[in-house]
Amino acid sequence: MTGITYEDFLDLSYEPDVEDLVCEFYVEPAADMDLAAAGSRVASESSNGTWAELQVEGSITDLSATTFELGDDGRIRVAYPAELFEFGNMPQILSCIAGNIMGMKAVERIRLLDCEWPEALATSFPGPQFGTSVREEIFDAGDRPITATVPKPKVGLSTDQHVQVGYDAWTGGVDLLKDDENLTDQSFNRFEDRLVGSLEARDRAEEETGEKKSYLINVTAETEDMLRRTDRVAEQGGEYVMVDVVTVGWAGVQTLRERAEEHGLAIHAHRAMHAAFDRIDTHGVSMRVLAQIARLCGVDQIHTGTADLGKLENEDTVGINEWLYGDCHGLTDVLPTASGGLHPGLLPELVDRLGTNICVQIGGGVHGHPDGTHAGAKALRQAIDAAVEGVDPETYADDHPELRAALDQWGTE
Ligand code: CAP
Ligand code: MG
């Protein structure tokens, strides 16, 4: 009989194998524990240990994780052997590295901060199909961010009103119409009618402007419904589907990714509910890790914040975006989307902080324009052009009245 105890999961001399998944956590130990005791329990409970000393007969595959680094600041690093995981199964991986440990009494607080994905595990997922190339390949956008707008109010517009808002925005210069996260298939605005009406309006807008336009329609639903809606988007000639990745769950995202590939559709990921995991910076799962998971599962665009501009709390947008652009064993990159309380006056600063390889998504800052959606869309495009050309928006506004009105309304902060 072999006793497996918590101490077996701590080894400060361990050097991670190249095939290990290495996770960094922030840990605040419970009052009666030091970091070594809490850290060994993190590795134990997230791999193959439990509270009791186990008596195991015969030899078993060694699937234990090892806590191999204890930092002064509560940061610990844990190495997980690859065999612990079912490759290509994101829910299973998360049930290990972000599972029971989140509620363990041995820790007062615990946050999964970062993961170093080994090649075999990372490439057991498909990754994105298109990533940042959508800017060039769908929109021929050159060196400017692509733009999206979400009709407001979020819900309540009839289908006809929604379609009209889309048409006004597209013809004003916006690339993408986007559904809001809580608009799917409600009685006041049915998915099917909205899909058909919007894509018909898109065609008219393309003809009128000579520019490519597209629609991020929200297919978030129970999996079979989501797939049916995705099929309909393809049948109607859409280029994208939009999904609320956290509320739909990673299994649903994985399934959607497969179906999207069958149709050649790109995936726009909204992250509603992410803040339940990542807002308290000493607990939960960081947005950085959620973004990594989303990339592995294969979304092409994802919301990553506005680098502290706008209305919402942000984790390190710049660092997350850099990870999404960077190499991950050859997986395609992801286009970050900046959204939440933006308006034209903030765009020079936004582009300064995040660069141009992004999607800029604006709701209230377009539809709240004093002259309405069409003028608001023009102001957005003018602000983008000014930012990319490096012209001060106040100067640009001298011969761009829509931008002038937006700056008068909201200023530049
Ligand atoms: C933005 C938005 C987006 C948020 C999501 C909203 O509208 O449509 O859902 O940006 O947050 O409903 O708030 P506004 P994040 O432009 O009117 O603010 O991008 O941080 O995930
Ligand atoms: Mg929204």
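Given the structure is predicted, the values throughout are model-derived calculations rather than measurements.

> I tried to follow the packing of aromatic side chains on my own but got confused; where do I start?
Each aromatic ring pair is characterised by the separation of its centres together with the angle its planes make. Summed over the entire model, instances satisfying the criterion amount to three aromatic pairs. When the centroid spacing of 6.1 Å and the interplanar angle of 55° are considered together, the rings of Y80 and F85 count as tilted. Taking relative accessible area as the criterion, F85 reaches 7% and is therefore assigned buried. On the basis of an interplanar angle of 90° and a centroid distance of 6.4 Å, the ring pair of W170 and Y215 is categorised as edge-to-face. Here Y215 lies in strand β9 (residues 214-216) and W170 lies in helix α5 (residues 159-172), a separation of 45 residues in the sequence. Given the relative accessible area of 0%, W170 is considered buried. Between the NZ or CZ atom of R204 and the centre of the ring of Y167, over which it lies, the distance is 4.6 Å. Its end group placed over the ring of F191, R229 keeps NZ or CZ at 5.5 Å from the ring centre.

> Help me out: how do you make sense of the sheet that holds strand β4 (residues 66-70) in this one?
Working definition: the strands of a sheet are paired by backbone hydrogen bonds and lie parallel or antiparallel to each other. Taken in spatial order, the five strands line up as β4-β5-β2-β6-β12 in an open sheet, and their pairing is mixed. Strands with a single pairing partner mark the edges of an open sheet, and in this sheet they are β4 and β12 (284-285). Where helix α2 (residues 90-97) meets the sheet, its contacts fall on β2 (21-29), β5 (75-80) and β6 (107-116), and the angle it forms with β2 comes to roughly 35°. Contacts from helix α11 (residues 287-297) reach β6 and β12 within the one sheet, and its direction differs from that of β6 by about 45°.

> Would you mind showing me how to read the sheet that holds strand β14 (residues 335-339) here?
With parallel pairing, eight strands are arranged side by side in an open sheet as β9-β8-β7-β15-β14-β13-β11-β10. Strands at the two margins of the open sheet, each flanked by one partner only, are β9 and β10 (240-244). With strand direction ignored, the average angle separating the axes of adjacent strands in the sheet is 25°. Relative to β14, strand β13 (residues 301-303) runs parallel, the two sharing three bridges. Following the sheet pairing, I302 is matched in β14 by P336.

> Honestly, the coordination of the magnesium ion (ligand 2) in this entry has me stumped. Any pointers?
Note on metal geometry: ideal angles are 109.5 degrees for four donors arranged tetrahedrally and 90 or 180 degrees for six donors arranged octahedrally. Coordination of the magnesium ion (ligand 2) by the protein comes from D180 (OD) and E181 (OE), over a distance range of 1.9 to 2.1 Å. Under the relative-accessibility criterion, D180 is labelled buried at 2%. The class of E181 is buried, set by a relative accessible area of 17%.

> Can you help me understand the nonpolar core in this one?
Side chains of a nonpolar character, in soluble globular proteins, are inclined to be buried together. F25, I97 and W117 are the most contacted members of the largest nonpolar core, which has 76 residues in total. Take this core: its biggest share by element is eight residues, from α11. Apart from residues lying up to four places away in sequence, I97 is in contact with L21, C23, F25, Y80, F85, M102, L112 and C115. With 23 residues, the next largest nonpolar core counts A169, A307, L350 and A397 among its residues.

> Would you explain the UniProt feature "active site" (unreviewed entry) in the chain in this entry?
Feature annotation in UniProt assigns "active site" (unreviewed entry) to the following positions: K152 and H270. Mapped onto the elements of the fold, K152 is located in the loop between β7 (146-149) and α5. Residues within four places of K152 in sequence aside, it is in contact with L157, D180, G363, G364 and H367. Looking at where H270 falls in the secondary structure, it is placed in strand β11 (residues 266-270). Look at H270 and you get buried, because its relative accessible area is 11%. When near neighbours in sequence (up to four residues on either side) are disregarded, H270 contacts K178, E181, M242, V243, D244, V245 and H303.

> Quick question: what am I supposed to make of the UniProt feature "binding site: Mg(2+)" (unreviewed entry) in the chain here?
When the UniProt feature table is mapped to this numbering, "binding site: Mg(2+)" (unreviewed entry) covers K178, D180 and E181. Note that K178 resides in strand β8 (residues 176-178). Apart from the residues within four sequence positions on either side, K178 is in contact with T149, V150, P151, L216, M242, H268, H270, H303 and Q361. Residue position: D180 is located in the loop between β8 and α6 (191-209). Contact partners of D180, with chain neighbours within four places excluded, come to V150, P151, K152, K154, N218 and M242.

Conventions adopted
Residues numbered from 1 in each chain as written. Chains lettered and ligands numbered in written order. Predicted model: local features only at pLDDT ≥ 70, side-chain atom pairs only at ≥ 80, totals over all residues. Heavy atoms only, no water. Phe/Tyr/Trp six-rings, centres within 6.5 Å; stacked < 30°, edge-to-face > 60°. Buried < 20%, exposed > 50% of the residue type's maximum accessible area, 1.4 Å probe, protein only. Helix = DSSP H or I, 4+ residues; strand = E, 2+ residues; numbered from the N terminus. Lys NZ or Arg CZ within 6 Å of the ring centre and 35° of its normal. Pairing = 2+ DSSP bridges. Contact = heavy atoms within 4.5 Å. Axes fitted to C-alpha atoms, helices over the stretch in contact; angles between N-to-C directions. Donors = N, O, S within 2.8 Å, 3.2 Å for Na, K, Ca; no water. Core = buried A, V, L, I, M, F, W, Y, C linked by side-chain atoms within 4.5 Å. UniProt positions renumbered as here; feature names shortened; annotations may be inferred.

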